Every structure is written in C-alpha cells, then in structure tokens.
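# Overview (structure and organization)
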Amino acid sequence: MKGKINELISEKQIDKRIREIAEQISRDYAGKEVKLICILKGSIFYTCELAKRMTVPVTMDFMNVSSYGSGTKSSGNIMIKKDLDESIEGLDVIIVEDIIDSGNTLSRLIPLLKERKPASLKVTTLLDKPDRREADVDVDYVGFEIEDKFVVGYGLDYAQSYRDLPFIGELEI
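The residue numbering used here restarts from 1 in each chain and proceeds along that chain's sequence as written. Where totals are concerned, whole chains, interfaces and linings use all residues; where local detail is concerned, this predicted model gives features only for residues with pLDDT of at least 70, and gives and counts side-chain atom pairs only at 80 or more. Remark: hydrogens and water are excluded; side-chain values derive from all non-hydrogen atoms of the structure.

### With respect to the pattern of salt bridges
- Take a side-chain nitrogen of Lys or Arg and a carboxyl oxygen of Asp or Glu: if they are within 4 Å of each other, that pair is a salt bridge. Tallied over the entire structure, the rule returns 15 salt bridges.
- Where Glu170 meets Lys149, a salt bridge forms, and the shortest distance between an N and an O atom there is 3.9 Å. Here Glu170, found in strand β9 (residues 168–172), pairs with Lys149, found in the loop between β7 (141–145) and β8 (151–152); they are 21 residues apart in sequence, far enough to count as distant.
- For each residue, the accessible area found with a 1.4 Å probe, counting protein chains only, is set against the maximum for its type, and the residue is called buried under 20%, exposed over 50%, and partly exposed in between. A relative accessible area of 27% places Lys149 in the partly exposed class.
- One network of salt bridges, in which partners are shared, links Asp15, Arg19, Glu49, Lys52 and Arg53. Helix and strand definitions here come from DSSP, where helices need a minimum of 4 consecutive H or I residues and strands a minimum of 2 consecutive E residues; each element is numbered from the N-terminal end.

### So, the side chain of Lys35
- You can see Lys35 is positioned in strand β2 (residues 34–39).
- Working rule for contacts: check all heavy atoms of both residues, and any pair within 4.5 Å makes them a contact. Setting aside residues up to four positions removed in sequence, Lys35 forms contacts with Thr59, Met60, Asp61, Glu86, Leu91, Asp92, Val93 and Ile94.

### Notes on the packing of helix α1 (residues 11–28) against helix α2 (residues 44–53)
- Note on geometry: axes are lines fitted to C-alpha atoms, helical ones only across the stretch in contact, with angles between N-to-C directions running from 0 to 180 degrees. Where α1 contacts α2, the axes come no closer than 8 Å and their chain directions differ by 55 degrees. Taken as axis vectors, α1 and α2 run oblique relative to one another. The chirality of how α1 crosses α2 is right-handed. Two secondary-structure elements touch here, α1 through Asp15, Ile18, Arg19, Ile21, Ala22 and Ile25 and α2 through Tyr46, Glu49, Leu50 and Arg53. Orientation is classified from the angle alone, with under 35 degrees giving roughly parallel, over 145 giving roughly antiparallel, 65 to 115 giving roughly perpendicular, and any other angle giving oblique. Left-handed describes a crossing in which the near helix is turned anticlockwise from the far one by less than a right angle; the clockwise case is right-handed.

### Quick notes on the confidence of the model for the protein
- A residue's pLDDT is the confidence the predictor assigns to it, expressed on a 0 to 100 scale. Confidence in the prediction of the protein, expressed as mean pLDDT, is 92, and 93% of residues score 70 or more.
- In the predicted structure, residues 69–74 sits below a pLDDT of 50 and forms six contacts with residues beyond four places in sequence or in another chain.

### Here's the deal with the environment of Ile14
- Tracing the sequence through the fold places Ile14 in helix α1.
- For the pair formed by Ile14 and Ser87, sequence separation is 73 residues and the distance between their alpha carbons is 31 Å.
- Filtering out sequence-adjacent residues up to four positions away, Ile14 remains in contact with Ile9, Leu126, Phe144, Tyr154, Pro166, Phe167 and Ile168.

### Some thoughts on a negative patch on the surface
- Each patch is built from residues that are more than 30% exposed by relative accessible area and take part in no salt bridge. Like charges join if they lie within 9 Å; nonpolar side chains (Val, Leu, Ile, Met, Phe, Trp, Tyr) join within 5 Å. Here the accessible surface of atoms and residues is derived via Shrake-Rupley with a 1.4 Å probe, and residues count as covered only by protein chains that are part of the display. Counting rule for charge: Lys and Arg are taken as positive, Asp and Glu as negative, and neither His nor the chain ends is counted. In plain terms, the charge of a residue is placed at NZ if it is Lys, CZ if Arg, CG if Asp and CD if Glu. Taken together, Asp28, Asp136, Asp138 and Asp140 make up a surface patch of like negative charges.
- With respect to the helices and strands, Asp140 occurs in the loop between β6 (120–128) and β7.

### Looking at the nonpolar core
- Only buried Ala, Val, Leu, Ile, Met, Phe, Trp, Tyr and Cys residues count toward a nonpolar core, and they belong to the same one when joined by side-chain atoms within 4.5 Å. Counting residues in hydrophobic clusters, the biggest one holds 26 residues, and the most contacted among them are Ile14, Ile25, Leu50, Met54, Leu126, Leu127 and Ile168.
- Those elements that place two or more of their residues in this core are α1, β2, α2, β5 (92–100), β6 and β7.
- The element contributing the most residues to this core is α1, with five residues.
- Beyond its immediate sequence surroundings of up to four residues, Leu127 is in contact with Ile9, Asp98, Ile99, Ile100, Phe144, Ile146, Val151, Leu156 and Ile168.
- Membership of the second largest hydrophobic core comes to 17 residues, among which are Met63, Ile110, Val123 and Val137.

### Quick word on unusual backbone geometry
- Here the bond from Leu40 into Lys41 is cis, since omega is 0 degrees, no more than 30 degrees from zero.
- In this structure, Ala159 is a non-glycine residue whose phi angle is positive, near 50 degrees.
- Note on Ala159: relative accessible area 52%, which makes it exposed.

Next up, the structure:
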C-alpha cells in the first residue's frame, strides 16, 4: 500500500486520552467488574490499552459484526461474523469501538445485546465522526471527535494495512 499519511493524533495524545477514559470508567464502575466487548478487528488496540489502564476488574469478549446489503447501503440488518463466547446476562458491559461514523451497525447491535439482558450497557469509541451520523447512537466515552476524513492507524486500516501505526493519521491515496 502506498499513500501519504498525515498524522492527526499522536501516540502521546492517544495514550493520555485512553488513560483519562480508563480513569473515568474505573470511577463509574467502582466496586464492580466490567465486561469489555471488543468489536473486531479495528478495536483490538484500543480495547487492550483501555483494559490495561482500568483499575476495576475487567474481562473481555469479542464480536465481529457488519452491516450488509446491496452496494454501500445498509440493509437495516447486521451480520454477526463472530459472536460472543460467553453470556453477558447480568453483567456490566461496555462495547468498545475504534470509530463511529454513520452509527448504522452500532444502532442495530445495541438492541441485539440488550436482548441478552446485561445489567448495564454502555459504549466507548476511540474516534467519533458526528458529521457522518445517520443513526442516533449514544456514546458514553469518546476518545476524540474528528472531522470526516479517512483515517488509519491504531487499529484502523485501509485494505488491512496501516493498523499497526502507533498514531491516527489521514490517508491520502
């Protein structure tokens, strides 16, 4: 893959913000255990770094989901490519996303997970693109709000490349 990458958010800024979010979650869930649900593949970096910095007990599970339909439009459904390995009934759950733009997939995933009867269900995302929002999604913990740019790094990819960058950058192809 070739393209110019302009750094938007440095590794240092990401680290600082993840620490702040972990501290907030740890305060919000003091005395409780939290189940993080990592939405694969892009959220793996954020999930791991967040879990390492939390001071409450943490367990993790993983899902791989996508909207599907003809072309680039969602059909209004989600396809679960990899489901959770364990029940979330009665647990305090936080969905961990790398980036939320249209909100379509998450707006369908949240009700599906609520049917599984968690004690609570919240959402955190490393990046939020509110200008792209098509579906109303409540996000409880936001790392960074960004403009509508195509970004890579820190788990985000372009054709499976650039996930390993330690910063968030805008990709110019």
